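Spelled out, the chains give:
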Amino acid sequence: MPLRRLAISEVKPFAYAFEAGIGGTMTDVGRTLGSETIGLIIQTVPPGNRASRRHRHVFQEEILIVMGGAGMLLHGDERIAVKPGDAFCYLANDPELHTFENTGSADLVIWAFGNRFPHEVCLYPDQGVAFVEGLGAEVPLDRIAASAWTEDRRKT
């Protein structure tokens, strides 16, 4: 088996943006290193920007570590000051919407670890959508129709 090794400094970051004021660059360490199920993205968020839209994951667990800069963690209705060395964990289906906001004068750098599931669903209530990984699409939350065809129903 070959050793899976890389120099993070040699992984090319790519720009991303959801909308004005939300975005920065991402460095996809996990995929570049060859991981099949564990993601590691390094997010670099410029001053005044948020790392992402406020969101929560249905199936994915996240560990978020602040590696540089200063800012705020938006956690539900709370704003929590963050600094390098602060680490946070969100379990699958935790109810709190979350994102980081760079309130400092230097880049905010976050290492984001998470599961990579083909069935992930990420909810963005502020935008009224859910991203469904298996569809590669955002689905309007106000158009979702409940279905009785669930796993629990099929068990009976």
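Just above, that's the structure.
Read on for an overview of the structure. (Residues numbered from 1 in each chain as written. Predicted model: local features only at pLDDT ≥ 70, side-chain atom pairs only at ≥ 80, totals over all residues. Heavy atoms only, no water.)

1. What to know about the environment of Asp86
This is how it is decided: Numbered from the N terminus, helices here are DSSP runs of H or I no shorter than four residues, and strands are runs of E no shorter than two. Throughout this description, a polar contact denotes any pair of N or O atoms lying within 3.5 Å of each other; where both atoms belong to protein, one of them has to be capable of donating a hydrogen while the other can accept it, and for residues adjacent in sequence the pair is counted only when both atoms sit in side chains.
Locating Asp86 in the fold gives a position in the loop between β7 (78-82) and β8 (87-90). Between the C-alpha atom of Asp86 and that of Gly68, which follows or precedes it by 18 residues, the distance is 9.8 Å. A distance of 2.9 Å separates a polar atom in the side chain of Asp86 from the backbone nitrogen of Lys83.

2. Some remarks on the pattern of salt bridges
Side-chain pairs of opposite charge can arise where the charged atoms are in close proximity. What counts, and what does not: Salt bridge, as applied in this entry: a Lys or Arg side-chain nitrogen positioned within 4 Å of an Asp or Glu carboxyl oxygen. Remark: exposure states derive from per-residue accessible area (1.4 Å probe, protein chains only) relative to the maximum for the residue type, with buried under 20%, exposed over 50%, and partly exposed in between.
Inspection of the entire model under this criterion finds 5 salt bridges. Taking the shortest distance from any N to any O, the salt bridge between Glu138 and Arg53 comes out at 2.5 Å. In this pair, Glu138 sits in strand β13 (residues 137-140) while Arg53 sits in the loop between β3 (38-45) and β4 (56-57), placing the two residues 85 residues apart along the sequence. Glu138 gets classed as partly exposed once you look at its relative accessible area, which sits at 41%.

3. Remarks on the environment of Leu73
Heads up, the condition is: Residue contacts are defined here by distance: any two heavy atoms, one from each residue, within 4.5 Å place the two residues in contact.
Its location among the elements puts Leu73 in strand β6 (residues 71-75). Through-space distance from the C-alpha of Leu73 to that of His98 is 7.0 Å; in sequence the pair is 25 residues apart. Those residues in contact with Leu73, other than ones at most four positions away along the chain, are Glu78, Arg79, Ile80, Val82, Phe88, Tyr90, His98, Thr99 and Phe100.

4. Comments concerning empty space enclosed by the protein
Filter applied, for reference: Using only the protein atoms, space was sampled on a 1 Å grid; points where a 1.4 Å probe fits but cannot get out form cavities, open sets with protein on both sides within 12 Å along at least five of seven lines form pockets, and lining residues are those with an atom within 4 Å of a point. Grid points are joined across faces, edges and corners, and a volume is the space filled by probe spheres set on the points. Three residue categories are used. Nonpolar comprises Ala, Val, Leu, Ile, Met, Phe, Trp, Tyr, Cys and Pro, charged comprises Asp, Glu, Lys and Arg, and polar comprises the others, including Gly.
For the structure shown, the criterion picks out 1 cavity of 30 Å³ or more. Volume-wise, the largest cavity comes out at about 40 Å³. For the largest cavity, the full set of lining residues is Arg56, His57, Gln60, Glu62, Tyr90, Leu91, Asp94, Glu96 and His98. When grouped by side-chain class, the residues that make up the lining of the largest cavity number 2 nonpolar, 3 polar and 4 charged.

5. Some thoughts on the nonpolar core
Inclusion rule: Definition of nonpolar core: a set of buried residues of the types Ala, Val, Leu, Ile, Met, Phe, Trp, Tyr and Cys, connected through side-chain atoms within 4.5 Å.
By size, the foremost hydrophobic cluster in this structure holds 15 residues, and its most contacted members are Phe100 and Ile110. Elements with a minimum of two residues in this core: β3, β5 (62-68), β8 and β10 (108-115). Broken down by element, the residue count for this core peaks at 3 residues, all from β10. Once you skip the residues sitting within four places of it in the chain, Phe100 turns out to touch Asn49, Arg50, Ala51, Leu64, Val66, Met72, Leu73, Val82, Phe88, Leu108 and Ile110.

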